[in-house]
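Chain and residue survey
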Amino acid sequence: MIGDEPGSDEFRYFPLPAPQPAPGCAECLRLKAQERAAARARDQSAAADARVHLRRHLGRAH
Ligand SMILES: [Zn+2]
């Protein structure tokens, strides 16, 4: 069987849920907007990049 394994590569690229921006934080909103714009442009690597930046910012600033 192909494609049914639990550890299939397809899911390894989306291991984490999208981080949620803190209400009222301009930096969170900026990074979230960046992620949305990238997703809209179907640029998954840029979207993943923005999520990484947002997650890092959330860890440091909140
Ligand atoms: Zn923030």
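Below, the structure is looked at part by part.

Reading the values: the criteria
- Residues numbered from 1 in each chain as written.
- Predicted model: local features only at pLDDT ≥ 70, side-chain atom pairs only at ≥ 80, totals over all residues.
- Heavy atoms only, no water.
- Helix = DSSP H or I, 4+ residues; strand = E, 2+ residues; numbered from the N terminus.
- Buried < 20%, exposed > 50% of the residue type's maximum accessible area, 1.4 Å probe, protein only.
- Contact = heavy atoms within 4.5 Å.
- Areas by Shrake-Rupley, 256 points an atom, 1.4 Å probe, with all protein chains shown as cover.
- Core = buried A, V, L, I, M, F, W, Y, C linked by side-chain atoms within 4.5 Å.
- Donors = N, O, S within 2.8 Å, 3.2 Å for Na, K, Ca; no water.
- Tetrahedral: all angles 85-135°; square planar, octahedral: opposite > 155°, others 65-115°.
- Axes fitted to C-alpha atoms, helices over the stretch in contact; angles between N-to-C directions.
- Parallel < 35°, antiparallel > 145°, perpendicular 65-115°, else oblique.
- Left-handed = near helix turned anticlockwise from the far one by under 90°.
- Nonpolar A, V, L, I, M, F, W, Y, C, P; charged D, E, K, R; others polar.

**Quick notes on the overall build of the chain**
Within the chain, the regular secondary structure consists of three helices and zero strands. Each helix and strand of the chain, placed in order from N terminus to C terminus, yields the pattern α-α-α. The 62 residues of the chain split such that 23% are buried. Contacts in the chain between residues far apart in sequence, at least 24 positions, make up 54% of those at least 6 positions apart. Accessible area for the chain stands at about 5,000 Å²; split by element, carbon and sulfur atoms hold 56% of it.

**Describing the nonpolar core**
Core analysis: the largest hydrophobic core is formed by five residues, namely Ala22, Cys25, Cys28, Leu31 and Leu54. Not counting residues up to four positions away in its chain, the partners in contact with cysteine 28 are Pro21, Ala22, Leu54, His57, Leu58 and His62.

**Structural notes on the coordination of the zinc ion**
Looking at the zinc ion, one finds its protein donor set to be Cys25 (SG), Cys28 (SG), His57 (NE2) and His62 (NE2), positioned 2.0 to 2.3 Å from the metal centre. Seen from the zinc ion, its four donor atoms lie at angles of 104 to 114°, and the figure they make is tetrahedral. Read N to C, the donor residues that coordinate the zinc ion are spaced as C-x2-C-x28-H-x4-H. Here the residue cysteine 28 occupies a position in helix 2 (residues 26-40), and histidine 57 occupies one in helix 3 (residues 44-61), the gap between them amounting to 29 residues.

**Observations regarding the packing of helix 2 against helix 3**
For the pair helix 2 and helix 3, the least separation of the axes is 8 Å and the interaxial angle reads 165°. Here helix 3 runs roughly antiparallel to helix 2, going by the angle between their axes. Once helix 2 is placed against helix 3, the crossing between them reads as left-handed. On the side of helix 2, the interface is formed by Glu27, Cys28, Leu31, Lys32, Gln34, Glu35, Ala38 and Ala39, while helix 3 contributes Ala46, Ala47, Ala50, Arg51, His53, Leu54, His57 and Leu58. A per-class count over the contact of helix 2 with helix 3 returns nine nonpolar, three polar and four charged.

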